[in-house]
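Topology and contacts: notes
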Amino acid sequence: MNSLEPMSTPELTLELEAFLHCPTPAPWLDWALQNQTLMLIDHANCEKKAASNAMGLMYRHVAHTDLLTKMSQLAREELLHFEQVVTLMAERGITYERIGPSRYAAGLRDHMRTDKREQALTDSLIVGAIVEARSCERFARLAPLLDAKLGKFYLSLLRSEARHYRDYLTLAAQYTGEDINPRVQHFLAVEKWLIESEDEEFRFHSGVPRKI
Ligand SMILES: [Fe+2]
Ligand SMILES: [Fe+2]
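Below is a summary of the structure that appears in this document. (Residues numbered from 1 in each chain as written. Chains lettered and ligands numbered in written order. Predicted model: local features only at pLDDT ≥ 70, side-chain atom pairs only at ≥ 80, totals over all residues. Heavy atoms only, no water.)

1. Brief notes about the overall build of the protein chain
The test is simple: Helix numbers and strand numbers start at the N terminus; a helix is a DSSP run of H or I with at least 4 residues, a strand a run of E with at least 2. We take the radius of gyration over the C-alpha atoms and set the globule estimate at 2.2 Å times the residue count to the 0.38 power. Each residue is assigned to one of three classes by its accessible area relative to the maximum for its type, calculated with a 1.4 Å probe on protein chains only: buried under 20%, partly exposed between the two thresholds, exposed over 50%. Throughout, a contact is declared for two residues whenever any of their heavy atoms are within 4.5 Å. To measure how exposed things are, a 1.4 Å probe is used in the Shrake-Rupley method; for residues, cover is taken only from the protein chains shown. Under the counting rule used here, the positive set is Lys and Arg, the negative set is Asp and Glu, and His together with the chain ends is not counted. The location of each charge is read from NZ of Lys, CZ of Arg, CG of Asp or CD of Glu.
Broken down by element type, the protein chain carries 8 helices and 2 strands. Secondary structure elements in the protein chain, listed N-terminal to C-terminal, are α-α-α-α-α-α-α-α-β-β. Radius of gyration (C-alpha) of the protein chain: 17 Å, near the 17 Å computed for a compact globule of 212 residues. In terms of its C-alpha atoms, the protein chain occupies a principal-axis envelope of roughly 45 × 35 × 35 Å. Every one of the 212 residues in the protein chain was classed for burial, and the buried ones make up 48%. Relative to all contacts within the protein chain whose residues are 6 or more apart in sequence, the contacts with residues 24 or more apart total 80%. About 10700 Å² of surface is accessible on the protein chain, with carbon and sulfur atoms providing 56% of the total. Of the charged side chains in the protein chain, 25 are positive and 30 negative, and the gap between their average positions amounts to 2 Å.

Here it is in structure tokens:
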């Protein structure tokens, strides 16, 4: 497929399923439907964090022009998504409260190499791609289960989040002197464990609910 051609939702879903090592488990979807207020608050946090993560890369790697332009565009899009979520929350009378993050991002970050600058960049970009891919996969799975307005909003996010996932992978390959696939597969295996194991609290990227 020509990369400039827009992809349909089923095509996007197939691409994400082929990339990720596991689909979102059904118990997480049930958990999300029962916790939609928390889901939206954490979704707002995720958009804000995605923008700030992109800006962090822009501060740390000022000599990489392609990275600067792609991350700048990404940060602007994430902040637009943030504004959209906050507006939707206000329409629904949801108070935006401060909540802590899930173990997901920290669980991936624990595996990042930090000694060498270029290795740290490669791992940051790979983790960025995986987080975007999982978010996109969850938006696609949730959309048909939600009310019409929220479902439509989540479908509207798919295309940009899928582009973000591809941009991160492209940049990782571009700025890395090594084959990125072993690192991608390593992080995907860690991510599968984080997604399929039990979690205490519901978040957008949490695992499955702990069985009582
Ligand atoms: Fe986003
Ligand atoms: Fe994104």
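2. Considerations on the environment of Arg210
The cut-off we apply is this: Any pair of nitrogen or oxygen atoms within 3.5 Å is treated as a polar contact; in protein, a donor-acceptor pairing is required on top of that, and neighbouring residues in sequence qualify only through side-chain atoms on both sides.
Its place among the elements puts Arg210 in the segment after β2 (208-209). Accessibility expressed as a relative area gives 43% for Arg210, which makes it partly exposed. When the C-alpha atoms of Arg210 and Asp199 are compared, they prove to be 5.6 Å apart, with 11 residues separating the residues in sequence. Leaving out residues up to four positions away in the same chain, Arg210 has contacts with Glu198, Asp199 and Glu200. Among the polar contacts listed, one links the side chain of Arg210 to the side chain of Glu200, at a separation of 2.8 Å.

3. With respect to a positive patch on the surface
Condition: In this scheme, patches are assembled from residues that exceed 30% relative accessible area and form no salt bridge. Like charges are connected within 9 Å, while nonpolar side chains (Val, Leu, Ile, Met, Phe, Trp, Tyr) are connected within 5 Å. Here, a salt bridge means any Lys or Arg side-chain nitrogen found within 4 Å of an Asp or Glu carboxyl oxygen.
Where like charges cluster on the molecular surface, the positive patch consists of Lys48, Lys49, Arg98 and Arg109. Here Lys48 is to be found in helix α3 (residues 36-60).

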